[in-house]
Amino acid sequence: MRDLNLSLNQTQRVRLEAALHELQSLVPAAASAAAVTVADTIPVNQEDNILKYISLSQENTIQEDTISLFVCADELVWCRGHGTSDQDGEVVATLCGVVERVNKLVYVRTLRARYKPEVGDIIVGRVIEIAPKRWRLEINFSQDAVLMLSSMNLPDGIQRRRTAVDELNMRSIFVENDVICVSTILALSVEVDNCFIFCFSDFKSVFAYVVVLTHADTLRVINHQAEVRGFQHDGSLHLQARSEKYGKLERGQLLMVPPYLVKRKKQHFHNLAQYDVDLILGCNGFIWVGEHVLVGENVKTTEDRQKYSNEAENFTPLETRKHICRLANAIRVLSALGFTLTVELIIETAEASVSSNVEVNDMLGAEFYVQTAEREAKRRAALLRKKKGGR
Amino acid sequence: MEYVNPLTGFRVDGRRPNEMRQLKAEVGVVARADGSALFEMGNTRVIAAVYGPREIQNKGQQVNNKEALVRCEYRMAEFSTGDRRRKPKGDRRSTEISLVIRQTMEASILKDLMPCSQIDIFVQVLQADGGTRSACINAATLALADAGIPMRDIVTSCSAGYLCSTPLLDLNYVEDSAGGPDVTVGILAKMDKVTLLQMDAKLPMDTFESVMGLAIEGCKAIATYIREVLLENTKRLECQRG
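About the thresholds
Residues numbered from 1 in each chain as written. Chains lettered and ligands numbered in written order. Predicted model: local features only at pLDDT ≥ 70, side-chain atom pairs only at ≥ 80, totals over all residues. Heavy atoms only, no water. UniProt positions renumbered as here; feature names shortened; annotations may be inferred. Helix = DSSP H or I, 4+ residues; strand = E, 2+ residues; numbered from the N terminus. pLDDT = per-residue confidence, 0-100. Contact = heavy atoms within 4.5 Å. Axes fitted to C-alpha atoms, helices over the stretch in contact; angles between N-to-C directions. Parallel < 35°, antiparallel > 145°, perpendicular 65-115°, else oblique. Left-handed = near helix turned anticlockwise from the far one by under 90°. Nonpolar A, V, L, I, M, F, W, Y, C, P; charged D, E, K, R; others polar. Pairing = 2+ DSSP bridges. Patch = residues over 30% accessible without salt bridge, like charges linked within 9 Å, V, L, I, M, F, W, Y side chains within 5 Å. Areas by Shrake-Rupley, 256 points an atom, 1.4 Å probe, with all protein chains shown as cover. Salt bridge = Lys/Arg side-chain N within 4 Å of Asp/Glu carboxyl O. Phe/Tyr/Trp six-rings, centres within 6.5 Å; stacked < 30°, edge-to-face > 60°. Buried < 20%, exposed > 50% of the residue type's maximum accessible area, 1.4 Å probe, protein only. Buried area = accessible area lost by both parts, 1.4 Å probe. Polar contact = N/O pair within 3.5 Å; in protein donor to acceptor, adjacent residues only side chain to side chain.

Now for the UniProt feature "domain: Exoribonuclease phosphorolytic" (unreviewed entry) in chain B. Feature annotation in UniProt assigns "domain: Exoribonuclease phosphorolytic" (unreviewed entry) to the following positions: residues 19–150 and 153–217 of chain B. Between the first and last C-alpha atoms of residues 153–217 of chain B the distance is 16 Å; the span itself is 26% helix and 43% strand.

This is how it looks when you write it as structure tokens:
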């Protein structure tokens, strides 16, 4: 219940409590027993072998919370990963979370922490600064990500060395407050459309821009795709933007949810054809909902770009904008309730709001909130029954 | 004024000398912050918000490249005390308490795991009734744990005093302003290490030991409570996540 300020009346409160209680009862007891807080001892199975801790030359070379190996004689017993540390021979958690065991690795998975990047992730970022030969993006990580000019495809598409002129023209590609989508699939070097990019002065205007378009303004948010290339020596992220598969994202909303609600899957880009909407679930918790853009459109010529009157005829239709708002509100409600975000769930929630005749702005109200919780409880109960019945 | 009734042994607010005020904690109260908590010790109410680890805003402040930079700011709301405060932050007491809280939390945060980043802890006192320093440290611990920042141990803090020849645990404002000694202790609960020790006024050595021992017991009780709150919060989030 973090982002939405809801005032529930008594019945709604009771219904919500009942739904949340049902959700809790559906979870197996073992899963809830795996939760730990800071300085809790993590039980480790030591029956396999007598555990002998072979210390490296000095005590202080072993850093806490790094992956350390506990070796016994000639066999690996178990090793501890992130979120754990060793105190007096026992494994102690340094984070609040759930203990995960994968084969012989024991680690603690946090819930509400910041994004933990991995090479190969699809993330959405926002440009905050233009530095010499690079852009700095904010991606909900402990440091800002860096997108080098050399990693971007030039407007004219030629593969060449970046000159000083290119550096001066960086502003024509991305400006501050642009939203960029970073993907981490094998790059194809295809050119990127070169459209005018105007920056918004503050974040709030991203949500309002769809309305702004109707006033024949020339503001538009252009999103670019980029790739997580690797990590810099100081731990900041290096990005690349060569793939055209995602193209530019235009005309949509950027939503920020806690990263743990977005699971890493094979497919992060979803084209919801029935709404004509693109949905991108960034692994860092930034979600983009926008009008569908056809990949591989021709590059607009320079003359076209300057014809603002042409743009005026090119507005997103009202129906699409309503769908975008509905999906965005569905995501807001689901993230406030703390449910994992999957495309099916988001679509289901949006359709439920349509079938219940809930107005788009009422989706963020108390009644729809409680209804979504109840629906999710029923859905999970049905899923569990099916699984049990299937066995 | 008798702070401890000689007949019944009750204090001004009806507590026993070794009884702490009622604790109440809530995690996740500030939507925009990475971690936040609301902590109440009796009538003292404190809210803490943690932002981080995030990009260092002011490169000049960064001393050590291999560690995170921890910043802390303590302020009292204008309406937190009986008379409306004129200077909620920037006065000497607030600066001192900010420094104290920062040093206490730094002892626990594993800073080497987050190089080149900064962690901001903002604590604000909503209602002040004695023991604000301790409440702020407890709230900051909860907020840091909520934000997923790795810590060595849970840091808790409690104050104790000595009035009418009795060590008293968890002084409220009336007892605090009596002018007697006020010992504030902050410990790493499981590791049993002291990170904060402050005292006003004077105490003979043996009395000091008993007062400090009482405060440490209070800290351990708070640690148990905080652990329960965090555990329950984690379980709830995990259940709802599905």
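We are not done yet, so read on.
Right, let's talk about the confidence of the model for chain A for a bit. For chain A, per-residue confidence averages 71 on the pLDDT scale, and residues scoring 70 or more make up 68% of the total. Segment residues 70–74 of chain A is flagged for pLDDT under 50; beyond a separation of four residues in sequence, or across chains, it makes 13 contacts in the model.

UniProt records the feature "domain: K Homology" (unreviewed entry) for residues 252–292 of chain A in the present numbering. Secondary structure content for residues 252–292 of chain A is 0% helix and 49% strand, and the end C-alpha separation is 9 Å.

Below, the discussion takes up the packing of helix α7 (residues 318–337) of chain A against helix α8 (residues 343–355) of chain A. All names here are of chain A. Between α7 and α8, the shortest axis-to-axis distance is 9 Å and the interhelical angle comes to 110 degrees. By the angle class used here, α7 and α8 are roughly perpendicular. The interaxial crossing formed by α7 with α8 has right-handed handedness. Along the contact surface, α7 presents Arg326, Leu327, Ala330, Ile331 and Leu334, while α8 presents Leu345, Ile346, Thr349, Ala350, Ser353 and Val354. When grouped by side-chain class, the residues that make up the contact of α7 with α8 number 8 nonpolar, 2 polar and 1 charged.

All right, on to the sheet that holds strand β6 (residues 155–163) of chain B then. Residue and element names in this part refer to chain B. Taken together, 4 strands build an open sheet; the order of strands is β7-β6-β8-β9 and the sheet is antiparallel. Each of the sheet's edge strands pairs with one partner strand only, and the pair in question is β7 (166–169) and β9 (193–200). Averaged over all pairs of adjacent strands, the angle between strand axes in this sheet comes to 20 degrees, irrespective of strand direction. Summarising the sheet, β6 and β7 pair through 4 bridges and their orientation is antiparallel. Note on β7: the bridge partner recorded for Ala160 is Leu169.

Our next topic: the pairing of strand β16 (residues 269–272) of chain A. Side-chain direction in a regular strand flips from residue to residue, so the side chains alternate between the two faces of the sheet. Direction of pairing for β16(A) relative to strand β17 (residues 277–281) of chain A: antiparallel, over a ladder of 4 bridges. Paired with Phe269(A) across the two strands is Ile280(A), which belongs to β17(A).

Time to look at a nonpolar patch on the surface. On the surface, Met1(B), Val12(B) and Val174(B) cluster together into a nonpolar patch covering about 290 Å² of accessible area. Within the fold, Met1(B) resides in the segment before β1 (23–27).

Another aspect to go through is the packing of aromatic side chains. All names here are of chain B. In total, this model carries 2 aromatic pairs over all chains according to the counting rule given. Here Tyr51 and Phe122 contribute two aromatic rings whose centre-to-centre distance is 5.8 Å and whose plane-to-plane angle is 65 degrees, an arrangement assigned as edge-to-face. Placement of the pair is Tyr51 in strand β3 (residues 44–54) and Phe122 in strand β5 (residues 118–127), with a sequence separation of 71 residues. On the basis of relative accessible area, Phe122 is assigned to the partly exposed category, the value being 27%.

Moving on to the side chain of Ser159(B). Looking at the secondary structure, you find Ser159(B) in strand β6. You can call Ser159(B) buried: its relative accessible area is 3%.

Moving on: the interface of chain B and chain A. When the parts of a complex come together, some accessible area is lost, and that lost area is often taken as the interface size. Counting residues at the interface gives 40 residues for chain B and 43 residues for chain A. Of the roughly 3600 Å² buried where chain B meets chain A, counting both sides, 53% is carbon and sulfur surface. Its largest share of buried area at the contact with chain A, chain B owes to Cys239(B), Gln240(B) and Arg241(B), together 20% of the area lost on that side. Between the two partners, chain B and chain A, sit 5 salt bridges. A salt bridge links Glu238(B) to Arg109(A); the shortest N-O distance between them is 3.3 Å. Linking chain B with chain A are 15 residue pairs in polar contact (both at pLDDT 80 or more).

All names here are of chain B. Most of strand β2 (residues 35–41) sits inside the fold, with 7 of its 7 residues counted as buried. With burial as the criterion, each face of β2 is covered, one bearing Gly35, Ala37, Phe39 and Met41 and the other bearing Ser36, Leu38 and Glu40. For β1 and β2, the ladder comprises 5 bridges, and the chain directions are antiparallel. Opposite Leu23, over in β2, you have Met41 as the bridge partner. Note: β2 against β3, 7 bridges, orientation antiparallel. By the bridge assignment for β3, Leu38 is matched with Ile47. Hairpin connection from β2 to β3: 2 residues lie between these consecutive antiparallel strands, with Gly42 at a positive phi of about 65 degrees.

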